[in-house]
Structures are given as structure tokens and as C-alpha cells.
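# A structural walkthrough
Okay, here's what each chain looks like letter by letter:
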Protein chains: 2
Amino acid sequence: MVLSNLDLVAQCDGFPYHQTDPTSYLASINTYYQLRVSDHDYALGYMLPSVAEVFRGIPNWDMDDEDRILTLTGGSTAAERSQAVETTLLAMRKTGHFKVLDKWRGELYAVYGRDKELLFNVERSASPLLGVVTYGVHLNAYTRTSDGELKIWTPRRARTKQTYGGMLDNAVAGGISSGESPFESVVRECAEEASLSEELVRGKAKASGSVTYWYIRDERAGGETNLMQPECQYIYDLELPEEVIPKPGDDEVEEFYLWSVEEVQEAMRKGEFKPNCAMVVLDFFLRHGILTAENEKDYIEIVSRLHRRLEFPTL
Amino acid sequence: MVLSNLDLVAQCDGFPYHQTDPTSYLASINTYYQLRVSDHDYALGYMLPSVAEVFRGIPNWDMDDEDRILTLTGGSTAAERSQAVETTLLAMRKTGHFKVLDKWRGELYAVYGRDKELLFNVERSASPLLGVVTYGVHLNAYTRTSDGELKIWTPRRARTKQTYGGMLDNAVAGGISSGESPFESVVRECAEEASLSEELVRGKAKASGSVTYWYIRDERAGGETNLMQPECQYIYDLELPEEVIPKPGDDEVEEFYLWSVEEVQEAMRKGEFKPNCAMVVLDFFLRHGILTAENEKDYIEIVSRLHRRLEFPTL
């Protein structure tokens, strides 16, 4: 297998675009059910019909088969809606309806409306069932050797991890819990995942944009496949002094490699990176002049698709 | 007038999005005529009906009013199509049909198909009549003072310039002629517009991504208004040593200012920047950690809209 950079983008940003293929786009959209909340006439996510079906007839939910909309009718405040969602999901977990709920984390993700208001919180493992936008942070840690070469800290995920076990990752990455700011999240994750000191991260991590895409989950993600996972990742760069060595701080990482650009590119081509981490590496390469219009024939398309404008409200 | 960063994006990336406002999008699309070439069943641009009307009945062109498509039927090679386009445009220039043709430059822009093949070349001043994608380079020149402060070289356009006269610009910017590579274009423009040496630019200018948007021309662009101008700008950063001072090399620039981030932001808020140059500054601020998720409420939307995925084939 030899993947081009555009292949790497396409395996993560998999949902069709209205701009370039309206027929496929509309065919796909019309397969799914929209998720809405009462009194907000727009989609917060798209759900598989087989998933939406399970919500039929349950208190606090309304199924509209003609327009293919599942509406959360319970609650009129974020707290009330969150409670209604939790009650439903806990019951579904008990009855073993969905494999993704076996990985219940007890961690809440936020779902926002068009005015950037919190509409409700949802258990992290359940968010792909609802197809709502989730938020995370990814940090590129790199160093310059004494002869000026750029080298990139690249961890391999523990082979025992249920999701994307053994695949390559960005130096630090994690989901943003409801109420947490992106920067505080990256500071926390840097300590947990790479044993990087708070002082170093606060002083040197640099906000560098965001990467957004619409992922369709495959078997590597664990649980049901074809669930929708639109995501916004806040990106940070951290140039480390040569003497600072990231070390796994929990059991999520097997080992950190310090790789040249060529070593990273070789592993990318072989499909060894977790799909969304490959996107973040491409964004890093674009911002650092490693990919150029002259050496990458799909330059414009890649840049655009790394920053997809989503159909749903985002923070 | 106080413009937010999202206002600055919206004044340049003005065409509605199907993702977030399908009703406005479809209403807008259905106002215009698609431009196509024979045997290629997709749009290369969108044209005002009043502009498309002028092509009715002219040899080498076919108007389809039912599907609202203007097709270039003349020629089956890039050379033949380019010739057909030039013949038509020269005739229209002679009869004074379009004000934008008064600024005929004798410079050709390339129009590409879905396989990135050259379909035809078109006179630069005529490209907004056809609504086709155009390509350019923008370079951010900046320096770090001895106390570490980032300062940005910001030129003011000559007040005598017919387009956006007196407005603020990026250090170096220009259109890419058919057949020219982005990097060679930026080297040439750096010499012409800022008197920066070829050696310096080749050694230190860093490819930093692209900015894409769908601009709707207003009176500041000169000529007819409401013409469609979808654009791809290849972005470069150039950190200059403190002793290197850009100097206007032609009559397009009145003066270069060396401004702090705050001075640039103040001028942005006042609407003093040429619209697409404000986009490029925002992209620079995002990549350099000046705008963050914590200080910019529209962070995700701004990042996405700076990198719009266009409906048309791009290089």
C-alpha cells in the first residue's frame, strides 16, 4: 500500500462535498437522520437510520420519518437536555444496544448551537451515535538538531489500546471535555501523555490554527462502523530543546520516536498513522514549508480539506 | 466602523455556503450562468446574466437558457480554446462592452479542468467576467526586533492605483501568469514590489499554505460590480533580518510601514486593508499563535473560511 497525501486526507475527511459532488453528497445526506433539539430548526449531527431507530418511542425523543429528523424534545435548558440524553443513553447501555457504549468513559462532550450556546452535554463514547461535532487538541512536538535538521516526536500508540492500537500518533492529542478551554486541555494532555512540564508547555506551545474534517468511522475506531464523526482539532506546535525527551506518562503510548521528515513521510505512505493524526502532520508540513505547490500536486485541495467548513454549528 | 475578524473574512469570502445556508446558496447559484467548455460537464466559473447575455449568438459560444449554461464550443485543444476566447474578448473590448476590459493587461491567466489539465488561457482583466478561479502569491514579510517583538512589513498601495488605491496590502503580492510556478512568481514579485534580492527570497521565503475564498467584486475593484472572483493564493512567510528594509521597486506601493501586531490589528478593524490581504494577515496571525481559541470567538469558522473548498476545479 502506498498512500498519497490526498489519499490520507480522503480516509479521514470521508464525507462527500456538495461543492464538488452534489449528487453523492445529497444521496449520503438523505440516507441519514438529522439530530436536532426542540425549537432549533437545524442539524446538530447526522445519525445512521439503524441508530436513530433505537430512539423511536422513547420518552424525550421524537422521530419524524418523512423529513428524517430525530428531535430531542426533553428539556429546555442545557442542564435539562443533558439529563434527558444521559437517561436515554444509560438505559441503552444497560440493554447492550450499542457496542460503542461499552467504552463508557464518564466524560462529557459539549454540543453547541448557532449562537455558540451550550445545548447539551453528552457522554464521550456516545457522541458518534449522535454524529455531533467533537473537539480536541493535537500538538506537534519537534526539535531542531544542532545541524538544523527538523525532527518530529512521533509516538506509537499502545498495541493494547482498543482504538487504533499500534498506530502512529501526534506527540500529544486528546478530547476537550465540556467546559475546558483548548489551551488548558493541551497543558493537561502534555503532562499526562508525554510528561512535559506545565511551565514548558505554557511558555512555548504555540496555537497554530485548527484542522476540521468529517470522518466516517471504520472498524479501527471500535464499535459500530459508519457512524459520523465531524471533528474540530485545535492545533499547537511545540519546539522542544534537544535535551527534552517526551516520555509516556500513562499506558496510552508505547514509545516515542524522534523521526526525520522523511521517516515520518515513509510511515504516512504506508498508512501507519491514525487517520486524523496524518491530517495534523500534513497541516504541520504545509505550515513549515515541507509540502509546497511544487512538490505536492494536490496542494490546494489538501489545504482546503484540512479545514473543512462543517454543516453543523461549531464553537 | 469597527470590523471583527469574521467581518473581514465575510467581506472577502462573500458567496453563501451550501453547508450553512443552502437556501441562500441555491438562490445565488441560480441567479448566475455556469461557464463550461465543450465535453466537460462541470462549471469553471459563474457569470452574471448581464455578462453572459453579451456572448449570445457570438461564434464559438453556446447559450443554454434552460440550464443557465454558457459553453465555449470553439476549439478542442487549449491553444484553440485560448484563441477563441481571445478573439471574442478583443472584439468586446473594441466595442467597449465591459469596463473591466479597459484595463487590458496583455497577461494570461490559466483555467484548469478536473484533471489539472490546462483548458484555456484568458486575459487577466477578463477573468472576473468569466468568474473563473485565479491564482496568486502573497508574502508576509516580518522581522523580530532585538527584544523579540514581531513586526510586520505593511505597504500602503499607491493612492493613484485604480484598484484599492491607498489601501494596505501584504508585503508582496501578485497574480500568477499561465505557466509560471508559484515560487518563481513570488521571487519575481519580491524583486519588483519590494526590492528584495533573489538570493534572500530563494533562501528564506517559506511556503506556508494557501488561502482560498470566493470574492464578489465591489466598486473598489474597479469596473463592473458583482462579478465572481474565486481565488487561490499561495502563501509565503519571509522573516527578514532587522537591517533589510523593503523598498518600493515600482509605482504600486507608496510606502512600507514596519508595524507591531497591534498596529496591524487596529488598521484591520478600521477596514484599511484590501479585503484579500486582510485574509492573508488573519492566516498569518493564526499560524503564529497571535489569534487563539481563547481570544477569537469565531476561531473555527475563520480558519475554515480562509481555506474554502471551491466548486470549481483548481490546480
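Note that the coordinates shown come from a computational prediction; the quantities given were computed from them, not determined experimentally. (Residues numbered from 1 in each chain as written. Chains lettered and ligands numbered in written order. Predicted model: local features only at pLDDT ≥ 70, side-chain atom pairs only at ≥ 80, totals over all residues. Heavy atoms only, no water.)

### A word on the packing of aromatic side chains
Note the threshold: Within 6.5 Å between ring centres, the rings of Phe, Tyr and Trp (the latter by its six-membered ring) count as paired, and their orientation is classed by plane angle as stacked under 30 degrees, edge-to-face over 60, tilted in between. Type-normalised accessible area, obtained with a 1.4 Å probe on protein chains alone, sets the label of each residue: buried when under 20%, exposed when over 50%, and partly exposed for intermediate values. Counted as over-ring charges are cases with an Arg CZ or a Lys NZ within 6 Å of the ring centre that also lie within 35 degrees of the ring normal.
Inspection of every chain in the model, using the stated rule, returns 26 aromatic pairs over all chains. Taken together, a centroid distance of 6.4 Å and an interplanar angle of 55° make the contact between B:Phe284 and B:Phe285 tilted. Like B:Phe284, the residue B:Phe285 is buried in the burial classification. Ring pairs connect the aromatic residues A:Phe15, A:Tyr25, A:Tyr32, A:Tyr46, A:Trp214 and A:Phe312, which therefore count as one cluster. The ring centre of B:Tyr17 lies 4.4 Å from the NZ or CZ of A:Arg309, which sits over that ring.

### Here we look at the side chain of A:Ser208
This is how it is decided: Note on conventions: DSSP H or I runs of at least 4 residues are helices, E runs of at least 2 residues are strands, and numbering of each starts at the N terminus. Two N or O atoms count as a polar contact when they lie within 3.5 Å, although within protein this holds only if one can serve as hydrogen donor and the other as acceptor, and sequence-adjacent residues are included solely when both atoms are side-chain atoms. Contacts are residue-level and defined by heavy atoms, with any inter-residue pair within 4.5 Å sufficient.
Tracing the backbone shows A:Ser208 in strand S10 (residues 206-216). From its side chain, A:Ser208 meets the backbone oxygen of A:Lys206 in a polar contact 2.9 Å long. Residues contacting A:Ser208, with those up to four places away along its chain left out, are A:Ile235, A:Tyr236, A:Asp237, A:Arg287, B:Leu286, B:Arg287 and B:Tyr299.

### Re the packing of helix H1 (residues 5-12) of chain B against helix H9 (residues 275-287) of chain B
Between two packed helices, both the angle of their axes relative to each other and the distance between the axes serve to describe the pair. All names here are of chain B. The condition is simple: Angles here are taken between N-to-C directions and fall from 0 to 180 degrees, while the axes themselves are lines fitted to C-alpha atoms, restricted in helices to the stretch in contact. Working rule for angles: under 35 degrees goes down as roughly parallel, over 145 as roughly antiparallel, 65 to 115 as roughly perpendicular, anything else as oblique. Take the far helix as the reference: if the near one is turned anticlockwise from it by less than a right angle, the crossing is left-handed, and if turned clockwise, right-handed. In this classification, Asp, Glu, Lys and Arg are treated as charged, Ala, Val, Leu, Ile, Met, Phe, Trp, Tyr, Cys and Pro as nonpolar, and every other residue, Gly included, as polar.
Direction vectors running N to C along H1 and H9 enclose 135°, while the axes themselves pass 8 Å from each other. Of the possible angle classes, the one that applies to H1 and H9 is oblique. The handedness of the crossing between H1 and H9 comes out as left-handed. Contacts between H1 and H9 involve Asn5, Leu8, Val9, Gln11 and Cys12 from the former and Pro275, Asn276, Ala278, Met279 and Leu282 from the latter. Taken together, the residues of the contact of H1 with H9 sort by class into seven nonpolar, three polar and no charged.

### Comments concerning the pattern of salt bridges
Condition: The term salt bridge refers to a side-chain nitrogen of Lys or Arg lying within 4 Å of a carboxyl oxygen of Asp or Glu.
Evaluated as defined, the whole model comprises 46 salt bridges over all chains. Measuring nitrogen to oxygen at the nearest pair gives 2.8 Å for the salt bridge that ties A:Arg56 to A:Asp65. A relative accessible area of 37% means that A:Arg56 is categorised as partly exposed. For A:Asp65, a relative accessible area of 37% corresponds to the partly exposed category. The closest approach of N and O atoms between B:Glu184 and B:Arg202, which form a salt bridge, is 2.8 Å. In this pair, B:Glu184 is assigned in helix H6 (residues 182-194) and B:Arg202 in helix H7 (residues 198-204), connecting sequence segments 18 residues apart. Residue classification places B:Glu184 among the partly exposed residues on the basis of a relative accessible area of 36%. Overall, the relative accessible area of 37% leaves B:Arg202 in the partly exposed class. Here the salt bridges share partners, and the residues they tie into one network are A:Asp13, A:Glu301, A:Arg305, A:Arg308 and B:Arg309.

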